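# Coordinate inspection notes
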Amino acid sequence: MACESALPAIMDEQALMGLNPNADACYRQRALAYFEQLKESLDGWEVCAEALAKGVYSDDHVKFFCFQVLEHQIKFRHGTLAAAQQQLIRETLMKWLQAQLMNVHPEKPFIRNKAAQVLALTFVMEYLTLWPKFFFDILNLVGLNLNGVDIYLRTVMAIDAEVVDRDILHSPEETRRNILIKDTMREQCIPALVESWFQILQTYQHTHSELTCQCLEVVGAYVSWIDLNLIANDRFVNLLLSHMSMEELREEACDCLFEIVNKGMEPVDKTKLVESLCQVLQSAGFFNIEQEEDVDFLAKFSRLVNGMGQSLVLSWTKLSKTGDAKVSAETLRAVEGKVPLMLQLLIHEDDDISANIVGFCYDYLHVLKQLPALSEQQKSNVEAIMLAVMNKLKYDDEYNFENEGEDEAMFVEYRKQLKMLLDRLAQVSPELLLEAVHRVFSATMQNWQTVQFMEVEVAIRLLYMLGEALPASHGAHFSGDTTKTSTLQSMMRTLISCGVSEYQHSSVTLEFFETVVRYDKFFLVEPQHIPSVLMAFLDHRGLRHSSPKVRSRVAYLFSRFIKTLHKHMNAFIEDILSRIQDLLELAPPENGFPAPLSSDDQLFMFETAGVLIVNGESPAERKQALMRSLLTPLMEAFRMLLAKLPQEAGEERQAVLADCLSHAVGFASRTSKAFSNKQTVKQCGCSEVYLDCLQTFLPALSCPVQRGPLRSAVRSFLHRMIICLEEEVLPFIPAASQHMLKDCEPKDLQEFIPLVSQITAKFKNQVSPFLQEIFMPLVMAIFEVLSRPAEENDQTAALEKQMLRRSYFTFIQTIASSGMNEVMASQGAENIERVLFTIIQGAVDFPDPIAQKTCFIILSRLVELWGGKDGLVGFPDFIYKHIVPACFMAPLKPTFDLSDAQTVLTLSECTLTLHMIHLKRGPECIQFLQEYLPSLQVSAEITQELCQVLQQPDVKVLKNYMKVFFQQARL
């Protein structure tokens, strides 16, 4: 509410007390209300302006508050202020700035920053019209005064944020305004600003490093859009070079040079700029990096060299496209000239320094890839990069494998960058990479017992990385190019036979298993190595390793290994199953000891066991016996825990038991993933075992406690069994469905509907009697949940209902599209009508294009099934009373957004529904439209036109017409 009367020229002192962060809640509330009052008042802000201009308050929070009120006026009310009020803002800011020049103690940084923001906002609003002398006024006022210069520099940076910063989104109007501001600044004041920066740098470089760094940051920010000659000249560059030798300024000076190098320019000019800068830096001794001990500076310097290198590569790329061979060759020589320095930085022991040069290194390799042939020097550069990458991939002593923190995460990220380099090296010279890896690998494996873990790990890692660097279709690394295959085979043979899997470090162990699984196709070529690798998986090196992290990863890798090589496992199946038997036990909830594997890891173990049993060559009876011995312990444990569950009083304890029961079902379910079209449950003689599982698990649906997790687990199992047991599962479905429909939550129903849809789509007419029986109970359960009242702002409940509504419509669609119209037709007229009305409602009333689209698909299908001469009694009436109007009412709703892709698809289905009505009802439909459309204020001419288009055979023409029709109708 705007206050009409002027506020008194003094501020509400009690409200101001609430600005202190430690103030009581009631004071803070009052301060907030006062802030809103001042913001909304037409002239209340003037009190704040006066307080700032006269320095009335010493409290920092009050000063900040005053600037906030002023900021609000400038941002949102500037255009409506009278000229005198705008003048008052300018005077206030200049008076406040003048007062700063005299301050012995400068304001706190957060106040200076806020003042700079307010100055910058005023500049943006007034520079082009009311305050063209903004910079000159400020420069004349502050001169070289220390406090004044600080606020001036902060203001210039705030202006950069408002006008130049590309990360901030601007409206087209703001963008046009900002371009105009920059053009005007270039014409009127940029030389004066650059001169002021030079004077500040020169004046304060030895006495006030923080201020000098601030100024260097300003130069770096502005150099991208001002005339480069103002900065890239002898006096400025010499000044920056002198800063590069001063400890407190050198990092910021480096960043400033980086921005100069990064400025967009023509390729020839850019090359000249970079080369002249390099010359100056080299003669000043900056390229002798081995003598430099300051790693923070070197990281910045590495970034600068990276910028220079990438700029030269970009220039070369542009020049080589224009066909100027001479200039292009000169630029390539310039690139090559930076390679020795690049290599020194890449191999530096500090990873930050090395990481900052990777971009140039990557781009340089891309250049080499495009050359017709490599010179000896270039080949030697490639080799040097290769060795550097191999060296830098190594872990250092401090890496904490058991408790990985931020440093470890950064190294993992850096390793990914090095991997990209390795992949690029493979593109430039695959033979060289293969040879280099082979050399390093062989040398390390010969002496692995006496070599440090990081050397052994990286040697195996390099072999692993070749798998992606030298790609092969579907992992077929051991066929095709003989040089590659024989080298890889030789390395794999060495890896398995040299005994390195016994190395006592988890990183080496993991790398061994990762590599074995990456090259699992090797064992198809040399199956004689399978037994020794199986033993490694099964003993203390793998699944029995002391580290839980290793055991967990090995469980997953073992399942992959078995899946690929299951045809070679026949001789080992029963031995493996007996060795992993204790890893297939359901961890009892009351056991205080940690299980060797987590339940997620055990899923892989059960899947592996399933694959071994199903794909073995033994007869069906043996497979059944093995599967039974695998699943019986789960069923027994399940029965026992399920009997215990209702007797437990504590909810926490109940949740633990329910979790355990869910795992048992999940494990049984996972074993079924081993079956396929070639090896079905029936062929393997395992139907009976899974039917026993079903009978064991289904009673959990009627458990009075922990319904959610138990239902979810059994439902997932049923999904699997529908696929695996096919019609043998059908007798269990009705009882299971009855239990799942009792006391439903939205989520239960939402997850149950896909199960019914799966049954419907798979068994069609076979399940028609069941569907006829369950149809209305399911629909009624959905209606009941949807009609439950919910809090107005409860977005979770609203979303749950929306998802349930979608599931409901999808269910109806599945029934309609499976040709099972008798399911709905048998529900009685009243029920059919109820369901049909929900579909009309879904098509028109709920602004959810996904659900609306489904509803129109259903309506179209029902018209096709029941809309003809021998269709459902009374349905033609329903078509004209409800379906045709829905086809017009839905797209005419304001929420029907025709610029949204989903909504356009809905309109398409809506049009197809109309088309289907015309197909089924013919001239009668046209006659109805001629009477109905005028009631929607559609002219006779347009009505006639629409009817003509509807009678054309080409649906595409109708779709395009309807889109235009509704766009016009809503104008």
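First, a word on scope: everything that follows refers to the structure included in this document.

Rules of the game
Residues numbered from 1 in each chain as written. Predicted model: local features only at pLDDT ≥ 70, side-chain atom pairs only at ≥ 80, totals over all residues. Heavy atoms only, no water. Helix = DSSP H or I, 4+ residues; strand = E, 2+ residues; numbered from the N terminus. Rg over C-alpha atoms; globule rule 2.2 N^0.38 Å. Contact = heavy atoms within 4.5 Å. Areas by Shrake-Rupley, 256 points an atom, 1.4 Å probe, with all protein chains shown as cover. Buried < 20%, exposed > 50% of the residue type's maximum accessible area, 1.4 Å probe, protein only. Core = buried A, V, L, I, M, F, W, Y, C linked by side-chain atoms within 4.5 Å. Salt bridge = Lys/Arg side-chain N within 4 Å of Asp/Glu carboxyl O.

Within the protein one finds 45 helices and 0 strands. Relative to the 2.2 N^0.38 estimate, which gives 30 Å for 971 residues, the radius of gyration of the protein is 38 Å and therefore markedly larger than a compact globule would have. With respect to the principal axes defined by its C-alpha atoms, the protein has extents near 95 × 90 × 70 Å. Contacts spanning at least 24 positions in sequence make up 73% of the contacts within the protein whose residues lie at least 6 apart. Working note: accessible area of the protein is about 44,800 Å², and carbon and sulfur atoms make up 52% of it.

Turning next to the side chain of Lys484. Within the fold, Lys484 resides in helix H23 (residues 482-497). Residue class for Lys484 comes out buried when judged on its relative accessible area of 14%.

Attention now moves to the side chain of Thr854. By secondary structure assignment, the location of Thr854 is in helix H40 (residues 849-866). Residue classification places Thr854 among the buried positions, given a relative accessible area of 9%. If sequence neighbours within four positions are ignored, Thr854 has contacts with Phe809, Thr810 and Gln813.

Next up on the list: the environment of Cys26. Position of Cys26 relative to the elements: it lies in helix H2 (residues 25-40). Between the C-alpha atoms of Cys26 and Glu514, which are 488 residues apart in sequence, the distance is 62 Å.

Nonpolar side chains in soluble globular proteins tend to be buried together. If you look at the biggest cluster of nonpolar residues, it comprises 338 residues, and the most contacted ones within it are Met185, Trp197, Phe301 and Phe888. Top contributing element to this core by residue count: helix H22 (residues 453-469), with 12 residues. Apart from the residues within four sequence positions on either side, Phe888 is in contact with Leu914, Leu929, Tyr932, Leu933, Leu936, Leu946, Met962, Phe965 and Phe966.

Another point: the pattern of salt bridges. Two side chains carrying opposite charge are able to pair once their charged atoms lie near each other. Counted by the stated rule, this structure contains 48 salt bridges. Here Glu514 makes a salt bridge to Arg553, at a shortest N to O gap of 2.5 Å. You can see Glu514 sitting in helix H24 (residues 506-518) and its partner Arg553 sitting in helix H27 (residues 548-565), a full 39 residues away along the chain. One network of salt bridges, in which partners are shared, links Asp60, Lys63, Glu107 and Lys108.

These figures come from the coordinates and say nothing about function on their own.
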